[in-house]
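Each chain, letter by letter, is given below.
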Amino acid sequence: MNREVVFAQTLEQVRKLAKEQGNCVSQEQVRDAFGPLELDNEQLQLVFDYLVKHKVGIDQPVNIDDYLSDKERDYLKDYLEELKALPSRSQGEIEALTLSAMAEDSMTSNRQAKQSLVEVYLKDVADIARLYAGQGVLLEDLIGEGNVALAMGMDMLGSLEKPEEAPGMLMKLVMDAMEDYIQENVSNEKTDQKVAKQVNKIADKARELAEELHRKVTPEELAQETGFSLRSIQEAMRMSGFRIEDIEYAEDSL
């Protein structure tokens, strides 16, 4: 198997182990896991740095709140304070609500049970969001995505055989929703960066050609002189809001 694939799989296994241990692994566990790859000390240090960056403590748990901004900490404090107003439920009450929510019917009692059960798990969603914070998305948005997944999960409870299976299924849905949101945000950010880079390239070429001609240039001239396709130039013009100053815009494009 490809060494890079083995490395990626091993890293994922270590992160999974860390989650099972309260987001913490020992140096020895990491060294044992990567032992077959025979990493040197510098390479292992990069692994440790990566884990810490992703909120995995080495030998001791990390302080999750260190990854939150002041604004996010204030938001979380206020949000958790609001949740205190919700009814406190005993384990027996939670099980009864779960059984009612699992019932395959549309009765008012079933809907009320689902709503009450959502309230039970709202704090858990916030706790999970803290674990995913610091990855380029707002804590508030993570909580929002998690709460939507939690509400949708209520309609899936009927597929369970036992009520004790509910917490695991619901929290898995919440984590998947947050991970998907983070991944989508990363993908969008990469796309935005790629677009910005392309716009800057075309703007630079337009400036160079404009300096040679001592006037603004048309998209057609720019395409002919630079090798950029007319379509890519027009797209860059649009993405810039038609503000590449060295290009002569037709009135119908403004």
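Just so we're clear, the structure is a prediction, and the values are computed from it rather than from any experiment.

Trainee: Explanation requested: the overall build of the protein chain in the structure shown.
Mentor: For the protein chain, the helix and strand inventory stands at ten helices and two strands. Seen in sequence order, the protein chain has helices and strands lined up from the N terminus as α-β-α-α-β-α-α-α-α-α-α-α. Structurally, the protein chain occupies a C-alpha span of about 80 × 55 × 40 Å along its principal axes. A buried classification covers 33% of the 254 residues belonging to the protein chain. Surface exposure of the protein chain reaches about 16,100 Å², of which carbon and sulfur atoms provide 49%. On the protein chain, the mean spot of the 29 positive side-chain charges and the mean spot of the 51 negative ones are 1 Å from each other.

Trainee: Any chance you could explain the nonpolar core here in plain terms?
Mentor: Generally speaking, soluble globular proteins have nonpolar side chains that are buried together. Ranked by internal contacts, the top residues of the largest apolar core, which has 35 residues, are Leu150 and Leu157. Mapped onto this core, the elements with two or more residues apiece are helix H4 (70-83), helix H5 (91-102), helix H6 (108-132), helix H7 (139-153) and helix H8 (166-213). No other element matches the ten residues that H6 contributes to this core. Residues contacting Leu150, with those up to four places away along its chain left out, are Val118, Tyr121, Leu122, Val125, Leu170, Met171 and Val174.

Trainee: Would you mind showing me how to read the packing of helix H1 (residues 3-20) against helix H3 (residues 41-53) here?
Mentor: Axis separation between H1 and H3 bottoms out at 12 Å; the angle between their running directions is 45 degrees. Here H1 is positioned oblique relative to H3, judged by the angle of their axes. For H1 against H3, the interelement crossing comes out right-handed. Note on element contacts: H3 touches H1 through Val47, Tyr50 and Leu51, opposite Phe7, Leu11, Val14 and Arg15. Classifying every residue of the contact of H1 with H3 gives six nonpolar, no polar and one charged.

Trainee: What's the story with the side chain of Asn147 in this structure? I'm lost.
Mentor: Mapped onto the elements of the fold, Asn147 is located in helix H7. Given a relative accessible area of 18%, Asn147 falls into the buried group. Not counting chain neighbours up to four residues away, the residues in contact with Asn147 comprise Tyr79, Leu122 and Val125.

Trainee: Help me out: how do you make sense of the packing of aromatic side chains in this one?
Mentor: What characterises a pair of aromatic rings is the spacing of the ring centres plus the angle enclosed by the ring planes. Scanning all chains against the criterion turns up two aromatic pairs. For the pair Phe7 and Phe34, a centre-to-centre distance of 5.3 Å together with 50 degrees between the ring planes defines the contact as tilted. Of this pair, Phe7 sits in helix H1 while Phe34 sits in helix H2 (residues 27-34), and the two are 27 residues apart along the sequence. On the basis of relative accessible area, Phe34 is assigned to the buried category, the value being 1%. Ring geometry for Tyr75 against Tyr79: centres 5.8 Å apart, planes inclined by 20 degrees, an arrangement best described as stacked. Linking Tyr75 with Tyr79, this pair stays in helix H4, spanning four residues, or about one helical turn.

Trainee: Help me understand the pattern of salt bridges in this model?
Mentor: Inspection of the entire model under this criterion finds nine salt bridges. Here Asp70 ties to Arg73 by a salt bridge, and the two come within 2.6 Å at their closest N and O atoms. Of this pair, Asp70 and Arg73 both sit in helix H4, three residues apart, which is roughly one turn of that helix. On the accessibility criterion, Asp70 (54% relative accessible area) is exposed.

Trainee: Please explain the packing of H2 against H3 as it appears in this structure.
Mentor: The packing of two helices is summarised by the inter-axis angle and the distance between the axes. Two elements in contact, H2 and H3, have axes whose closest approach is 11 Å; the angle formed by their N-to-C orientations is 120 degrees. One finds that H2 runs oblique with respect to H3. Handedness of the H2/H3 crossing: right-handed. Note on element contacts: H3 touches H2 through Asn41, Leu44, Val47, Phe48 and Leu51, opposite Gln27, Val30, Arg31 and Phe34. Of the residues assigned to the contact of H2 with H3, the class counts are six nonpolar, two polar and one charged.

Trainee: For this particular structure, what's the right way to read the layout of surface pockets?
Mentor: Quantified by volume, the largest pocket comes out at close to 610 Å³. Considering the residues around the largest pocket, the lining is formed by 19 residues, among which Arg15, Lys19, His54, Tyr132 and Gln135 are closest to the centre. Those elements that place two or more of their residues in the lining of the largest pocket are H1, H6 and H8. What the second largest pocket holds in volume is close to 320 Å³.

The rules we used
Residues numbered from 1 in each chain as written. Predicted model: local features only at pLDDT ≥ 70, side-chain atom pairs only at ≥ 80, totals over all residues. Heavy atoms only, no water. Helix = DSSP H or I, 4+ residues; strand = E, 2+ residues; numbered from the N terminus. Buried < 20%, exposed > 50% of the residue type's maximum accessible area, 1.4 Å probe, protein only. Areas by Shrake-Rupley, 256 points an atom, 1.4 Å probe, with all protein chains shown as cover. Lys, Arg positive; Asp, Glu negative; His and termini not counted. Charge placed at Lys NZ, Arg CZ, Asp CG, Glu CD. Core = buried A, V, L, I, M, F, W, Y, C linked by side-chain atoms within 4.5 Å. Contact = heavy atoms within 4.5 Å. Axes fitted to C-alpha atoms, helices over the stretch in contact; angles between N-to-C directions. Parallel < 35°, antiparallel > 145°, perpendicular 65-115°, else oblique. Left-handed = near helix turned anticlockwise from the far one by under 90°. Nonpolar A, V, L, I, M, F, W, Y, C, P; charged D, E, K, R; others polar. Phe/Tyr/Trp six-rings, centres within 6.5 Å; stacked < 30°, edge-to-face > 60°. Salt bridge = Lys/Arg side-chain N within 4 Å of Asp/Glu carboxyl O. 1 Å grid on protein atoms, 1.4 Å probe; cavity = no way out; pocket = protein on both sides within 12 Å on 5 of 7 lines; lining within 4 Å. Points joined across faces, edges and corners; volume = space filled by probe spheres on them.

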